[in-house]
Amino acid sequence: MEPNSTAPRYDGSLEDSLRQLSLGSPPMSRRNQLSALPIPPDHERVAPYASLALRLVCVNNEELEKFRKLSKLAGFPHVSSHEYPFDRRNLFSQDAVEEYSQWIRKLPWKVAFQVEAIVRKRSVDLREMLELLPYIKQLLRRRDKDRAWVSSLLRDFGTKVYSLYRSDSLEDCAPGAVRRCFDKVVQTFESHPQKRNFRPTDGSLYEALHVTITPTTMMLDGPYPERSNRVVRKYDVVHQESFIRVTFAEEGRLQYRFDREIDSRGFIQSRVGPILFDGLVIAGRKFEFLAYSQSALKEHSVWFVKPFQILIDGSVEWVRAQTIIDSLGNFDNLEFDPTLPYCPARYAARLSQAFTATDASVSVNVEEIIYLDDIEVTTNGQKYCFTDGVGTMSQEVAREIWRRLRRTRKRLRSVRGHPSAYQVRVMGSKGMLSVDYRLRGRAVCLRPSMIKFEAPEARDIEIARAFDRPTPYFLNRPLIMLLEGLGVDFRVFKKFQDRAVQETEKAALSLSKASKLLECYGLGSSFRLPSVMNSLDKVGIFHLNGDKFYEKSFEFAKNHILRLLKNHARIPVPGAWTLVGVADVHNYLQPGEVFACIRPLNGKAFFLEGPVVISRSPTIHPGDIQLVNAIGSPPPGSCFESEPLANTVVFSILGHRPLPSCLGGGDLDGDIYNVIPLNDPDLRGFNLKQTHQPASYAPAQKRLLDGRKSTMRDVAEFVMDYIVSDVLGIIAINWLIIADQSPLGITDPDCIRLANLHSDAVDYPKSGNPVDPGAIPRLKHRIKPDWNAPETVDVHNLTNKYYQSECAIGKLFRAIDLPAENRPMEGATRISTRRGHHRGGGAASVSEFSDQPSLFGTDHVYETIETCVQEYIATEDPFHQQRFLEEAEEMFSHYSTELQGICITHTLSSARNAALTEEEAMVGTIVQKTSQPRRRTDMISRLRENTDILVRGIRETLEGEEEETEEDFLQRAWYAWQIALEKGREFGAQSFGWVALGGVFEAIRKIEEREIGRRIR
């Protein structure tokens, strides 16, 4: 309370003020969500730049008490009383905002983006940035430095100053700290100019700029190297900066989740609508809504582009959003889809094909594109397609695609053979291509079910996914609920869960066990941790007990695995597989038969034989799981003897209905299927006691415009509708809860009804017809099963809200106790403004490492690795040592800066000190609990993608140029490891050490292979 405060006054009662915020609204009225407060009048200008903390001044005690009472009514029970000093500095005054806006629009776009990113992160205020701008312009005027150099410098400064903002030290909070930080970064960039490009040589990558629009502000991130798409690759690399990915999310980057009491549609129209309709202005540049990919739509992400100029036949032409859309192909007057232009959702879905992330266009000079008819059948008035979404290609095309992919992705070069199936985009078609051994030359066969629009000029084959290895099989809650309902005993699931828990616990004892565990769950794959662990084990280092960084990393990995088991029942089933589906175009298989050849990476192929339980996620109907027969090894003289189509499940094209359509309405355009071979003695418990007739869903009704073609404004309208109308998740969780609550289980009429609604909800992004929330069956009763409790609450203290489920998923949930997580981040490596000691000269000796927390610096471990290396090179090379050390320093500097940016960007928290730890980044997990685990899963996926690209770039730098020897590779990796050891617990050093050590073992392996090859010759 400050009666004499000079804060802006609002002339009105507290009740009036809070009523404008909807805090005092009647209980039954729908409340409004706001992007800025109606008090004071200028908060709309300040909100995008200011802190999330608000200062509300009450003029007397009476008003203060009213605020306390209204806060409780509004759901803000924790109102604390303490002094909070403030200093009025006019940081976001009208003059400051206008001066900043004028400055930033004059800066080059790359530079302006980084300046705006720093300000929007609240790392510096507007006044501090205005003080720096003259120095930034001074850097831009230098002839020896380009815009990219200044942009990289500012990005590094952004990371450093963000750490400064998070620091509590007096030095970092003192006046002039920001300027000192800036000068230090400039000095570092001047004295250690980056001589190398650390990006991996992957033609499919581009520098992606990200913008997150929240209710109050926007956050800018990047650039990060990511997989590009057909549209981005179409234009010269200098224009790629004109494309940005925009995500609409809550302040903590969580997805919008609307309360029934809130007018969600009104808020989306007022906040998102103007941006989609009128454009997004960043640093004085106006971006136009372009399109989206289907996967991005689920994350509420879309593409924007700012106009740019290109040279065509000697004349300059502008490229705008509409120019790009018009160039994608023909969507009008299509015989196979005449209503396409009149359905905004379907039109946008077809546009989205061009924005799907794919590997670099593989320019395969196809001699012949053959158009084949689909294989169809009509049963009981319903038309079915056996070849829905799948075509074929010759062996030569399959080999050429793989040859091109291996050329740009070094990691694939060690893979023997080539895949027999690819998920592709070619011209206006999408789907699968599988090898047909009868085709000769460079031939590709397309079917009508693959063709979505006409784009005859885009003849490059774009690879969305290459199926070069089988995928392990994991159970999940819906699948377990259905299997239990079909007669599988709880003890079967419990056996595999117990085994998974035991293997997780035992993995802490040795590196070999830890390697297998991480590989099973895909953890640490970006950093090649399983491979490095196996290499350490082979040289006699069997464990790393006592290494704090490794132990914390493994603790996070263990937490990740147990959390997946407990909260999602993601249970591995060894011996079962997840395979992509293709069609038996040779007409060999009988109805109810499949063929499956499993060929592990560089392993021996084997074949599934006998009864197989087959399904496809998501499963929701009792008929979504079926029993089929796998024919085993290729019969002599059969088509499978000529081409076994490894790592696919081949479906018959005979019968009254395609089997994929029986499995949750699946098709063959890239859908993957779960198969459990019952001939395996360990898997016989999965035999079904009963099966049900598969569901039969009518095609979704499309929402069409009234007699006019779709425009991008209509598409923008659909995006807004989708954000507030997508109820797929609600349907899925209601089905699971009702199946638990009802004595009838999965056969309850409400569950069958939900299965039908689920089909409609899955089709919504293409039909434009949302599911009416009122049509969703309600739960049987208010109290929910315990497994449904959010991970952020203690279910044991909420017995009035949750009951003890007696279904298998409930028993499995209670069978796992997660480790106590009072202080999970204690001891982890966080981003800090405090730096470790820097090198003073030559390579440090073992004794200098001995006081470091890394076990790698101890005599036994260090000397074991050094002995291995000394078999091939001298570990102290006075002629090349300094060069390799300088390269390693430069490499680490780049790696550390990039990793810090990744850790800051991929946190789920909007707190001041929010950033992932180094251990989380290396393992590939996010420890923080959340009410939206789906959002965390998406964030983890992006985290792994970004760290994978970062590590690939470092590994390629260690390998050196084509003309360099394997010994050069080993020497460079060895000195990089020395630098990592010397840096101690400096952020990035420990994980950089694992990357360098992986390079050491890889270089040794290559030297050994070369020598073996020479002896054979």
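The structure we're discussing is the one just above.
Quick summary incoming for the structure in this document. (Residues numbered from 1 in each chain as written. Predicted model: local features only at pLDDT ≥ 70, side-chain atom pairs only at ≥ 80, totals over all residues. Heavy atoms only, no water.)

Let us now look at the overall build of the protein. Check the secondary structure of the protein and you find 34 helices and 27 strands. Expected size for 1017 residues packed as a compact globule is a radius of gyration near 31 Å; at 30 Å, the protein falls within 12% of this value. Along the three orthogonal principal directions, the C-alpha set of the protein runs to about 90 × 80 × 70 Å. A total of 1017 residues make up the protein; the buried ones form 55% of that total. Contacts in the protein between residues far apart in sequence, at least 24 positions, make up 76% of those at least 6 positions apart. Summing over all exposed atoms, the protein offers an accessible surface of approximately 45,300 Å²; the carbon and sulfur share of this is 49%. Averaging the positions of the 132 positive and the 134 negative side-chain charges in the protein gives two centres separated by 2 Å. (Helix = DSSP H or I, 4+ residues; strand = E, 2+ residues; numbered from the N terminus. Rg over C-alpha atoms; globule rule 2.2 N^0.38 Å. Buried < 20%, exposed > 50% of the residue type's maximum accessible area, 1.4 Å probe, protein only. Contact = heavy atoms within 4.5 Å. Areas by Shrake-Rupley, 256 points an atom, 1.4 Å probe, with all protein chains shown as cover. Lys, Arg positive; Asp, Glu negative; His and termini not counted. Charge placed at Lys NZ, Arg CZ, Asp CG, Glu CD.)

Before going further, it helps to examine the pairing of strand β24 (residues 648–651). Across the two faces of β24 the burial is the same, with Thr648 and Val650 and Val649 and Phe651 all buried. Bridge count between strand β19 (residues 572–583) and β24: four bridges; the pairing is parallel. By the bridge assignment for β24, Val582 is matched with Val650. Both strand β20 (residues 593–598) and β24 contribute to a ladder of four bridges, which runs antiparallel. Looking across to β24, one finds that Phe595 is bridged to Val650. (Pairing = 2+ DSSP bridges.)

The final tally for this structure, using the stated rule, is 36 aromatic pairs. Measuring from ring centre to ring centre gives 5.6 Å for Phe496 and Phe686, while their planes differ by 35°; the resulting arrangement is tilted. Of the two residues, Phe496 is situated in helix α18 (residues 490–506) and Phe686 in the loop between β25 (672–677) and α24 (712–725); the sequence distance between them amounts to 190 residues. Just as Phe496 is buried, Phe686 falls in that class too. For the ring pair Tyr862 and Trp977, a centre distance of 5.6 Å and an interplane angle of 15° mean the geometry is stacked. (Phe/Tyr/Trp six-rings, centres within 6.5 Å; stacked < 30°, edge-to-face > 60°.)

Looking along the chain, the bond that leaves Gly222 and enters Pro223 is cis, with omega of 5°. The residue Pro223 is located in strand β2 (residues 218–227) in this model. That bond from Ser617 to Pro618 is cis: its omega, 5°, falls within 30 degrees of zero. By secondary structure assignment, the location of Pro618 is in the loop between β22 (609–615) and β23 (626–631). Even without a glycine there, the phi angle at His300 is positive, about 60°. The residue His300 is located in the loop between α13 (294–298) and β6 (301–305) in this model. Look at Asn647: it is not a glycine, yet its phi comes out positive at around 65°.

Oppositely charged side chains may form a pair once their charged atoms are brought near each other. In this structure the tally under the stated criterion is 51 salt bridges. Between Lys160 and Asp156 there is a salt bridge, and its shortest N-O distance comes to 2.8 Å. Within this pair, Lys160 and its partner Asp156 are both found in helix α7 (residues 147–166), separated by four residues, close to a single helical turn. Here Lys702 makes a salt bridge to Asp337, at a shortest N to O gap of 3.7 Å. You can see Lys702 sitting in the loop between β25 and α24 and its partner Asp337 sitting in the loop between α14 (321–327) and α15 (344–352), a full 365 residues away along the chain. We classify Lys702 as partly exposed; its relative accessible area is 30%. (Salt bridge = Lys/Arg side-chain N within 4 Å of Asp/Glu carboxyl O.)

Our next topic: the sheet that holds strand β4 (residues 280–282). With mixed pairing, the six strands of this open sheet are ordered in space as β2-β1-β3-β6-β5-β4. A strand with exactly one partner marks an edge of an open sheet, and here the two such strands are β2 and β4. Going from strand to strand, the sheet's axes swing by 35° on average, the running direction of each strand aside. Examined bridge by bridge, strand β5 (residues 285–291) and β6 share three bridges and lie antiparallel to one another. Within β6, the residue paired with Phe289 across the bridge is Phe304. (Axes fitted to C-alpha atoms, helices over the stretch in contact; angles between N-to-C directions.)

Another point: the environment of Ala507. Looking at the element boundaries, Ala507 is found in the loop between α18 and α19 (511–521). For Ala507 and Phe554, which are 47 residues apart along the polypeptide, the C-alpha to C-alpha distance reads 9.0 Å. If we ignore the near neighbours within four places in the chain, the residues touching Ala507 are Lys513, Ala514, Leu517 and Phe554.

In this model helix α33 (residues 966–983) runs 26 Å from its N-terminal to its C-terminal C-alpha over 18 residues, within 8% of the 26 Å that 1.5 Å per residue would give. Burial analysis of α33 places 15 of its 18 residues in the buried class, which makes it a mostly covered element. With its phi angle positive at about 65°, Gly984 sits one or two positions after the end of α33. (Expected span 1.5 Å × (residues − 1).)

To continue, consider the packing of helix α30 (residues 881–905) against helix α34 (residues 989–1016). The interhelical angle for the contact between α30 and α34, taken along N-to-C directions, is 125°, at an axis separation of 10 Å. Our classification of the angle between α30 and α34 gives oblique. Relative to α34, the crossing made by α30 is right-handed. Along the contact surface, α30 presents Ala888, Met891, Phe892, Tyr895 and Leu899, while α34 presents Ala989, Ser991 and Phe992. When its residues are assigned to classes, the contact of α30 with α34 shows seven nonpolar, one polar and no charged. (Parallel < 35°, antiparallel > 145°, perpendicular 65-115°, else oblique. Left-handed = near helix turned anticlockwise from the far one by under 90°. Nonpolar A, V, L, I, M, F, W, Y, C, P; charged D, E, K, R; others polar.)

With that settled, the discussion passes to the nonpolar core. Nonpolar side chains tend to gather and get buried jointly when the protein is soluble and globular. Leu475, Leu483, Leu536, Phe686, Phe856, Ile865 and Trp994 are the most contacted members of the largest nonpolar core, which totals 130 residues. Ranked by residues supplied to this core, first place goes to α34 with 11 residues. Other than its neighbours up to four places away in sequence, Leu475 contacts Ile480, Leu483, Phe493, Ala569, Arg570, Ile571, Val573 and Phe686. Ranked by size, the runner-up nonpolar core spans 101 residues in total, among them Ile136, Trp149, Phe308 and Ala345. (Core = buried A, V, L, I, M, F, W, Y, C linked by side-chain atoms within 4.5 Å.)

Here Arg425 lies in strand β14 (residues 421–426). When sequence neighbours within four positions are dropped, the list of residues in contact with Arg425 reads Arg230, Gln353, Thr356, Thr358, Lys430, Gly431, Asp460, Ile461, Glu462 and Ala464.

Here, disulfide denotes a covalent bond that connects the sulfur atoms of two cysteines. A full pass over the atoms with the stated rule returns zero disulfides. Cys639 forms no disulfide, and the closest cysteine sulfur to it belongs to Cys597, at a distance of 13 Å. (Disulfide = S-S within 2.5 Å.)

Now for the packing of helix α6 (residues 126–140) against helix α9 (residues 177–191). Packing of α6 against α9 brings their axes to within 10 Å, and their N-to-C directions diverge by 20°. In this view, α6 runs roughly parallel relative to α9, as classed from their interaxial angle. Like other packed secondary-structure pairs, α6 and α9 cross with a definite hand, here right-handed. Each of Glu128, Leu132, Tyr135, Ile136 and Leu139 in α6 lies in contact with α9, whose residues at this interface are Val178, Arg179, Phe182 and Val186. The residue makeup of the contact of α6 with α9, split by class, is seven nonpolar, no polar and two charged.

Along the chain, Glu643 turns up in the loop between α22 (639–642) and β24. Along the sequence, Glu643 and Arg403 sit 240 residues apart, while their C-alpha atoms lie 19 Å from each other. In this view, Glu643 contacts Gln395, Ser420, Val435 and Tyr437; residues no more than four positions away in its chain are not counted. Engagement of the side chain of Glu643 in a polar contact is seen with the backbone nitrogen of Leu645, the distance being 2.8 Å. (Polar contact = N/O pair within 3.5 Å; in protein donor to acceptor, adjacent residues only side chain to side chain.)

This is a description of form; function is not addressed.
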